[in-house]
Amino acid sequence: MKNIMKKINFLTLLLLVTLLLFSVSCDDSIDTPAPGANILPERFSIDIPESIANPDAGAGRLTGRTAEDLNGNEIYELLSLFIAIGEGSGQLAEAIIGGIAIHVDQAFFLSYQSDDDGRTKNLTVVEGATYEGVDYEFSLTITDAESESNADGGKGMQVFWDKSLVKGIAIIKPFNIDRIKDAEAGDAIYRIEYTEDSESYDAEMTVTIDNLPLENPLEDPYSISTLKMFVGRSGDVVDVFGNSHHPNAAFFTDVKGFNWAFVASGIHEGNIGVAEVGLPPGNLDSGDRSVLLVEHSLKNVFTDQIRIAFPNIEQSLIDQYLQNTEAPGYFNSDGFIQGGDSPNAIFDPLVDRIADLAPFNPADIAALEIAFE
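Residues numbered from 1 in each chain as written. Predicted model: local features only at pLDDT ≥ 70, side-chain atom pairs only at ≥ 80, totals over all residues. Heavy atoms only, no water.

Engineer: Hey, could you run me through the overall build of the protein in this one?
Structural biologist: A tally of helices and strands in the protein yields 9 helices and 13 strands. Evaluated residue by residue, the protein yields a buried proportion of 57% over its 373 residues. Within the protein, residue pairs in contact and separated by at least 24 positions form 62% of the contacts whose partners lie at least 6 positions apart. Counting every atom, the protein has about 15200 Å² of accessible surface; 47% of that belongs to carbon and sulfur. (Helix = DSSP H or I, 4+ residues; strand = E, 2+ residues; numbered from the N terminus. Buried < 20%, exposed > 50% of the residue type's maximum accessible area, 1.4 Å probe, protein only. Contact = heavy atoms within 4.5 Å. Areas by Shrake-Rupley, 256 points an atom, 1.4 Å probe, with all protein chains shown as cover.)

Here is the structure:
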């Protein structure tokens, strides 16, 4: 999918800010803090098994295709692509923070000219900050200086964190980091919450993405506008659940606006995974697991939409479209294997795990908003 790959590319481009900050901090003419004990968090993301987080899954397969070409394979493969986008957002935040970290050992202010878009950026680190009513030990803010009077304050990145608990929130607006490479990013904004202070997991991460620019629906009707995804790691096992909103998505009929509601679990050792997908309407107001994943299961939605589009269709033809739409879906290092029956008993523990997971409310995902402090 061209739109998804474009988003992954501009996420990759953002990593250049790390090099930018490094070069600025190494300039002898600028008053920067001397190297010392780093106060920034060392970790800010969770690595998800590639079986269920694959940025190459389904790439290009849906561009130019009609809804009548779909089957369960594409839906499950796209799920691993959407999960990879969420994972990439966390890795982006961690990479930028890591690049800044070697130069931050105290509160300070730095103004510099970006080598990327040639604009002046301001970087501020303060001790003691509050975000959404929660107090944090530190905060870091990067702004586009000429845009600080705008509604978003010109903010390109904000990080709030507690070093002692390895806990924090990062918010990134690509357009205010680089007005040239990310000119098409518009109001796209990312929020990554990370903590190792959890009773349920060794580490938790929640990724929220809003205002992603949509592709031309005639070229790619399945592009994402918003996404929210939780990731929890316990040892070698990673649980994932969430939703991605697709305003132009349609299956067989002219009805548009669907939500990929999903739960998944994977193991790094052996690189296997299991997932369950529902396709509820994007405006459905329900957080009930049964409603999202059973009533609006991939198989049920496909069946309903096919019968609406083709009232007199024979069951044998419907069955062709329903290939691999049974839940759950199974993945290995090669990607999606099959839906329905388990290919091997090694997947059974993961099937049990996803039974305890549930997606978010689709209506909340469609309406979500991310804001800087």
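The discussion continues.
Engineer: Hey, could you run me through the pairing of strand β11 (residues 272-278) in this one?
Structural biologist: Burial analysis of β11 places 7 of its 7 residues in the buried class, the great majority of the element. Residues Ile272, Val274, Glu276 and Gly278 point to one face of β11 and Gly273, Ala275 and Val277 to the other, with burial holding for every one of them. Where strand β10 (residues 258-267) and β11 come together, 7 bridges link them in antiparallel fashion. Each residue of the ladder has a partner; that of Ala264, found in β11, is Ala275. Connecting β10 to the antiparallel partner β11 that follows it, the hairpin turn spans 4 residues, and Gly270 within it adopts a positive phi of roughly 90°. Here 3 bridges tie β11 to strand β12 (residues 329-332), and the two strands are oriented antiparallel to one another. (Pairing = 2+ DSSP bridges.)

Engineer: Hey, could you run me through the nonpolar core in this one?
Structural biologist: Among soluble globular proteins, nonpolar side chains are generally buried collectively. Grouped together as the largest cluster of nonpolar side chains are 69 residues, with contacts concentrated most on Ile48, Ile83, Val240, Phe251, Trp260 and Leu279. At 13 residues, the largest contribution of residues to this core is made by helix α3 (residues 72-101). Counting 17 residues, the second-largest nonpolar core is a separate cluster that includes Val263, Val274, Tyr330 and Leu357. (Core = buried A, V, L, I, M, F, W, Y, C linked by side-chain atoms within 4.5 Å.)

Engineer: Teacher, can you tell me more about helix α6 (residues 298-309) here?
Structural biologist: Since the α-helix turns once every 3.6 residues, residues separated by three or four places project in the same direction. End to end, α6 covers 16 Å across 12 residues, agreeing with the expected 16 Å (1.5 Å per residue, within 8%). Inspection of α6 places Leu298, Val301, Phe302, Thr303, Gln305 and Ile306 among the buried residues, and these make up the whole buried set. (Expected span 1.5 Å × (residues − 1).)

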